[in-house]
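Tertiary structure, described
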There are 2 protein chains.
Amino acid sequence: MDVIKQFEISKYSGGEMEQMNDSVVVEYSLTVYLFGELLITMLCTPKSLKYLVTGFLFSEGIIESRDDILEIFICEKDGIALVTLTKERAQLAQKLEVKRTITSGCAKGQTIFSGAEEKLHKINNSIAIDFDKVLKLVGQFNKKSEIFLETGGVHSCALCSQDEIVLFEEDIGRHNALEKIFGAALLDDIHLEDKMVLTSGRASSEIISKAAKRGIPVIVSRSAPTDAAVDIARAVGITLIGFARGQRLNVYSQQEKELHT
Amino acid sequence: MDVIKQFEISKYSGGEMEQMNDSVVVEYSLTVYLFGELLITMLCTPKSLKYLVTGFLFSEGIIESRDDILEIFICEKDGIALVTLTKERAQLAQKLEVKRTITSGCAKGQTIFSGAEEKLHKINNSIAIDFDKVLKLVGQFNKKSEIFLETGGVHSCALCSQDEIVLFEEDIGRHNALEKIFGAALLDDIHLEDKMVLTSGRASSEIISKAAKRGIPVIVSRSAPTDAAVDIARAVGITLIGFARGQRLNVYSQQEKELHT
């Protein structure tokens with residue numbers, strides 16, 4: 001499935017108009033069915049769709065491990081994902097369905113408050129961070145996004161050890177890119193407790209909550225955090241780094257030393 | 001209500017670590033009740049909340065005009081908006097409630113496909129665009145975002161005539177910033193058919209669909225469009241401009257001349 005499409009466009013530069021071809025990122029619609037019932041339609045980049053669905057199911061609390069999944073069948077052409085879980089999860093999913101109806105209301109492009117931070121536990125964060133290594137990883141991360149470099153229309157997300165990028169995903173949605181990383185880690189059995197998450201997007205409370213649920217000790221954003229993200233990171237002990245660019249970064253929360261407002 | 005909060009952070013630059021205060025954008029949770037029933041909880045910037053709620057109600061098809069609203073009471077301290085509509089809209093809202101349950105599933109940070117483009121009509125787009133004026137407006141737009149300049153954590157949106165910025169809003173969500181603009185226009189009776197929308201965020205299909213529903217003829221993004229956004233803009237006759245920065249911009253769709261892939 002193509003992730004980039006060519007369009008003939010007009011480019012205006014310094015008073016001159018010119019016709020040319022331009023690469024535009026593809027927006028793909030994936031409808032997820034759980035036991036044959038419509039669960040959600042996601043707008044996404046048509047790549048790593050199985051990882052996206054897996055990460056989403058975990059974030060929503062519909063699955064808790066790889067073993068809960070019997071099958072995720074993706075029909076790329078039709079934009080459909082058919083999910084079958086174990087019997088035990090089926091019953092839980094039904095309960096969640098009721099809750100979801102109440103809490104999410106509707107959400108065309110809106111962000112829904114998860115309230116998830118109430119359930120978050122303290123992270124086992126014993127990573128001694130080498131900030132120069134982090135900045136080196138961010139430099140590699142920036143060069144790695146082929147779709148971004150060609151279209152400027154996607155967010156990137158990576159899972160890193162202290163020394164290298166282990167997983168890398170891109171998507172038109174910053175949440176989707178993160179879900180793909182977590183979905184890949186779940187399906188491929190990659191440990192998260194000693195890894196960092198790098199994201200091109202802003203660090204909001206939801207991003208931090210999702211990472212905290214997975215036990216991620218360090219989050220590095222190329223962009224800004226929100227106050228709620230800083231509060232949650234400090235509460236659970238996640239090291240939160242923002243504006244990681246070039247030779248600079250801001251540490252909003254770290255485990256060694258409590259920072260207070 | 002504060003939109004910016006101060007945090008003591010550590011700044012790492014060129015190998016040196018320094019303690020300092022940093023401005024971080026506030027993430028605020030607003031729960032909207034329609035006739036006493038929970039409709040949605042939105043994460044947003046606590047500014048222009050009445051405009052946000054109004055724009056959202058219109059985008060969701062819950063209201064069609066200012067007259068449908070009897071009252072929007074905002075309790076800023078508690079993060080609550082109480083909406084009362086006319087009796088006629090109450091019945092419609094109930095019908096939409098059922099539809100919403102089916103289509104939105106859950107949506108923590110996910111973008112839900114609206115399917116709205118099926119209902120979109122051709123735009124009456126007779127604006128002759130002066131691209132130098134557009135770039136001048138984008139320059140003014142960039143300087144106008146005080147929260148962004150201080151925190152780097154918000155998106156901006158503006159409604160412009162050919163010569164000046166008429167409305168300007170900021171929010172942690174690019175959709176929210178757009179809803180605030182449209183809510184303000186609805187409540188303050190500002191015509192949209194001869195205006196441009198400027199956005200700092202990417203132009204996705206949902207942004208174009210929302211603008212098309214209001215009859216906006218021109219959309220200017222500082223960032224990238226998606227292929228679906230270009231397709232919808234071309235189909236309904238919206239002029240879609242992307243990557244408007246400095247002395248350059250890309251025209252992805254324009255009314256005078258049909259562009260084909």
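Residues numbered from 1 in each chain as written. Chains lettered and ligands numbered in written order. Predicted model: local features only at pLDDT ≥ 70, side-chain atom pairs only at ≥ 80, totals over all residues. Heavy atoms only, no water.

Describing the nonpolar core
- In this structure, Phe 182, Ile 208, Ile 216, Ile 238 and Leu 240 of chain B are the most contacted members of the largest nonpolar core, which totals 33 residues.
- If you list the elements that add at least two residues to this core, you get strand E1 (4-13) of chain A together with strand E7 (155-160), helix H5 (174-187), helix H6 (205-213), helix H7 (227-236) and strand E11 (239-245) of chain B.
- By residue number, the principal contributor to this core is H5 of chain B, which donates 6 residues.
- Here Ile 238 of chain B is in contact with Ile 123, Asn 125, Ile 208, Ala 212, Ile 216, Pro 217, Ile 219, Ala 233, Ser 253 and Gln 254 of chain B, once residues within four sequence places are set aside.
- Counting residues in each nonpolar core, the second largest holds 31 residues, with Ala 177, Leu 178, Ala 185 and Tyr 252 of chain A among its members. (Core = buried A, V, L, I, M, F, W, Y, C linked by side-chain atoms within 4.5 Å. Buried < 20%, exposed > 50% of the residue type's maximum accessible area, 1.4 Å probe, protein only. Helix = DSSP H or I, 4+ residues; strand = E, 2+ residues; numbered from the N terminus. Contact = heavy atoms within 4.5 Å.)

Focus: the pairing of strand E1 (residues 4-13) of chain B
- Pairing of strand E12 (residues 248-253) of chain A with E1 of chain B involves 4 bridges; the strand directions are antiparallel. Among the inter-strand pairings, Asn 250 of chain A is bridged to a residue of E1 of chain B, identified as Lys 11 of chain B.
- In this structure, E1 of chain B lies alongside strand E2 (residues 16-25) of chain B, joined through 10 bridges in antiparallel fashion. Bridge assignment links Ile 9 of chain B to a residue of E2 of chain B, and that residue is Met 20 of chain B.
- Hairpin connection from E1 of chain B to E2 of chain B: 2 residues lie between these consecutive antiparallel strands, with Gly 14 of chain B at a positive phi of about 55°. (Pairing = 2+ DSSP bridges.)

With respect to the sheet that holds strand E6 (residues 80-85) of chain A
All names here are of chain A.
- As summarised here, the arrangement of the 4 strands in space is E4-E3-E6-E5, forming an open sheet in which the pairing is mixed. The open sheet has two free edges, formed respectively by strand E4 (37-44) and strand E5 (69-75), since each of these has just one partner strand. Direction aside, neighbouring strands of the sheet carry axes that sit 20° apart on average.
- Where E5 and E6 come together, 6 bridges link them in antiparallel fashion. Paired with Ile 74 across the two strands is Ala 81, which belongs to E6.
- The sheet strands contacting helix H1 (residues 49-59) are strand E3 (28-34), E4, E5 and E6, and the helix crosses E5 at an angle near 135°. (Axes fitted to C-alpha atoms, helices over the stretch in contact; angles between N-to-C directions.)

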